[in-house]
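Each chain, written out:
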Amino acid sequence: MRKPIHVMIVEDERIVALHLRQQLARLGYDRTSVHSAGVNALNAIENDAPDIILMDIHIDGDMDGIETAAGIPQHLMIPIIYLSAYSEDTTLERARKTRPYGFLLKPFSERELHATIQMALERREVELALRESQERLSLAMHAARMSCWEVDVDTRKMHSTGLAQFLPGESQNTETITENWEDFLRRVASEDRDMVRKAFEYAVLNGEFYDIVFRGEHTKGAQSWFRARGKSYVNDRKGTLRIIGVMQDITDQRITNEKLRQAMTVFETTQDGILILDPDLNITSANRAYCQITGADPENVNGKPPYMIVPEAFPPAFYQELFHTLRTRRHWHREIDTRDMSGNPISIVMQIIAVEDDDGQLTHFVAMISDRTAIRQAEQELHYLAQYDGLTGLPNRLLATDRLNRAIERCERTGAVVACLFLDLDDFKNINDTLGHAAGDQVLQIVSTRIKAVTDRTDTIARLGGDEFMIVRENMHSEVAAGNLASQIIHELQKPFYIVGHELTLSASIGIALYPENAHSPQDLIRLADTAMYAAKDQGRRTYAFYKSAMTENATHYMTRSLELRRGLEKGELALYYQPQMDAQTGQMTGAEALIRWHHPKSGLLGPAEIIPVAEQSGLIVEIGQWVLNEACAQSRRWQDEGHPPIRMAVNASVRQMRSPGFAGTVQKALSENGLSPEWLEIEVTESMIQDEVIMIDTLHELRAVGVSLAIDDFGTGYSCLRSIKNLPLKRIKIDRAFINGIPQNADDAALAVAIIAMARTLGLTVTAEGVETVEQRDFLREQGCTELQGFLFSKPVPAAQLFETVYRNAKIS
């Protein structure tokens, strides 16, 4: 049954409203409602919206009929028919803006009223149907993320339906928007704006269909992707040209495609092999990396299982575990050592992952294959480097200690003896300094080869680092046998060899410790052999020494002294004493030698014998030598400032100082900082320091260029090369006290002293004789033409404050 039509009457005159209601009843409109004010009408509409409203324009209240009509919600689409006795233009213009369905001037006939109402209702039906159709189209376009648009070519006006859902800056509730074409272009990404403009112009000029993809810019900087398609048409009604088309938001599609491209890029470019397998583990797709890792032919891999897991490759238990794991856990992982298609060994990690659909049904597998061949090789190399020396290929300290421990364990059961030989090359640093480290490396390789040549295959030979080697021999029969082995090694190393155009020979010092006599742990055995090696060096090198308990005491004493000496240097416990050097003919003091002393807090005053060896072994000799140089220069300057006549200050230089780069510059700096002229400083070096060693000779010439004088100390105790002495920038030689003690009674000592003085005179050198303690010695040397004398006859080494007083007091001796 059709629902009765509800007619609302808005009329403030009751008689007119009653009459109108009677007319409607006669016309068959049984359901009517009457309101005299606009507010009442609007409230009633909210509760029971009518199908049509007959609205008097002039009604009671704050709102007239036109204002009341304007307040009715537009989405209700209620037809409004104005009833008025007036038709002035202003009223009609106001009424027109509310888009009424009719306008009846009072009085009107029932026939006019019925016709107007019926036409309004028919129009409303059409508009409702149109709105539903538009809603369906809008929803369909919204679901497809599309919009339709039309551009008037002449006015450049753009009408868009649904566009607001895709372009930024518009309300989501706006169904249709109208804007200028240029305003729309401003919301297109700047990179694509020119392309969109050209597509529009092409469509205008050629009437062709266009299809473009562009980006729209958001106010926050984000971008969306759109696809626009359309064509130009002539408007049949207006005769104007327009472009009509659709636009679709393809951002999600673009993102999806990008992800697919990325996934495909990863699939094709990753270094890991990737396989797509069907449920039976047959390959349906393989990337390039799989073929590169395995050497498989990309044309022949599909339709077959990966060759490394074919049934004949592993025992049945392997495949049972594989399928059981994939069935229960959906993920299988394993390291496999196999061979590539060319037969080369490879190491891979393979994992297979099950892929299911939304219903949980298996669709396929993805297999990942990582090539670990290089990593495995690197691990093996690292394992080798962790236990072997990379230069010589010998076991390193770690592996040697382990082998020594195992040898001790075996000998504990048998009661046999294990010998540990600790070998250190003598003066190896000279080779590195003069010939370079590459030559030093070759020497170490030669050493390892020669040690192997005189040892047994069962012996352990190790390089512990630097120029230190260790030899371990089990079942050593006696201490004599261990000494014989050490002698053989030393003899073998002394054989000459050629390297970088130089003939070289080597010598070594070897310390020997025995298990179980000396120690019971590998660490202690190595430590004690090391201690014995230092004892061998103290014995003159090129020899070996067995460990004795006294060596540990000496090593402990040395370590204690080393720490104390460092603290003594820091606390100012060191001091310089000075021994005068006298002119042999006039008896005047011409110089003084600076000699170090140590005010030890417990042991009292210690001399060079307690200081220099410890300083040299601990490396403190350079720091102490620097201190001696600065203090001696400062004292010489103080004496001059106190009014004493200038005298030559003699300072001994150590081997390490002479070899250190820039030593001449250090001397020059000390002179400059203390205001001492170079002519009042003499640097003393020993004979053994200048045996044609390039670094030493260069340093001597650099020192002479500074302006200081140079002297050879302890002359006659080394192995002097007269040709070298002749060519060196020397000014003085000092005869060692060993040749002075016996003169004039000992004929040999007297002859040597005479020869040295004569040689020096011939070479233009002055001579200072050390250790002069008697008048007879003084007189003999004076008669032979010795230039200067030094010794207890004139003064013991004394503090600086006592030197001149002591010399003046003993002046009568000269």
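Residues numbered from 1 in each chain as written. Predicted model: local features only at pLDDT ≥ 70, side-chain atom pairs only at ≥ 80, totals over all residues. Heavy atoms only, no water.

An account of the nonpolar core is requested, with residue identities and associated values reported.
If you look at the biggest cluster of nonpolar residues, it comprises 76 residues, and the most contacted ones within it are Leu681, Leu781 and Leu803. For this core, the element with the highest residue contribution is helix 19 (residues 621-641), accounting for 7 residues. Beyond its immediate sequence surroundings of up to four residues, Leu803 is in contact with Tyr578, Pro580, Met589, Ala592, Trp639, Ile647 and Val798. Counting residues in hydrophobic clusters, the runner-up holds 32 residues, among them Leu423, Ile461, Met476 and Ala482. (Core = buried A, V, L, I, M, F, W, Y, C linked by side-chain atoms within 4.5 Å. Buried < 20%, exposed > 50% of the residue type's maximum accessible area, 1.4 Å probe, protein only. Helix = DSSP H or I, 4+ residues; strand = E, 2+ residues; numbered from the N terminus. Contact = heavy atoms within 4.5 Å.)

Outline a nonpolar patch on the surface, listing residues and values.
Taken together, the side chains of Leu382, Tyr384 and Leu385 make up a nonpolar region of the molecular surface, amounting to roughly 300 Å² of accessible area. By the element assignment, Leu385 lies in helix 11 (residues 373-387). The class of Leu385 is partly exposed, set by a relative accessible area of 48%. (Patch = residues over 30% accessible without salt bridge, like charges linked within 9 Å, V, L, I, M, F, W, Y side chains within 5 Å. Areas by Shrake-Rupley, 256 points an atom, 1.4 Å probe, with all protein chains shown as cover. Salt bridge = Lys/Arg side-chain N within 4 Å of Asp/Glu carboxyl O.)

Any details on the sheet that holds strand 4 (residues 80-84)? Residues and values, ideally.
Taken in spatial order, the 5 strands of this open sheet run 2-1-3-4-5, and their pairing is parallel. Each edge of the open sheet carries a strand with a single partner, namely strand 2 (31-35) and strand 5 (102-105). Ignoring which end each strand starts from, the neighbouring axes of this sheet average 20° apart. Each of strand 1 (6-10), strand 2 and strand 3 (52-56) is contacted by helix 2 (residues 38-47), which is oriented at about 160° to strand 1, the strand it contacts most. (Pairing = 2+ DSSP bridges. Axes fitted to C-alpha atoms, helices over the stretch in contact; angles between N-to-C directions.)

How would you summarise the pattern of salt bridges if you had to cite specific residues and measurements?
Any two side chains of opposite charge can pair, so long as their charged atoms come close to each other. If you walk through the whole model with that rule in mind, you get 39 salt bridges. Salt-bridge contacts for Asp427 lead to Arg541; the nearest nitrogen and oxygen are separated by 2.8 Å. Within this pair, whereas Asp427 is found in the loop between strand 17 (418-425) and helix 13 (428-435), its partner Arg541 is found in the loop between helix 16 (522-538) and strand 23 (544-546), the two being separated by 114 residues in sequence. Asp427 sits in the partly exposed class, given a relative accessible area of 46%. Accessibility expressed as a relative area gives 34% for Arg541, which makes it partly exposed. Two residues, Arg809 and Glu805, come together in a salt bridge whose shortest N-O distance is 3.8 Å. Note that Arg809 and Glu805 are positioned in helix 26 (residues 803-809) at a spacing of 4 residues, about one turn of the helix. For Arg809, a relative accessible area of 49% corresponds to the partly exposed category.

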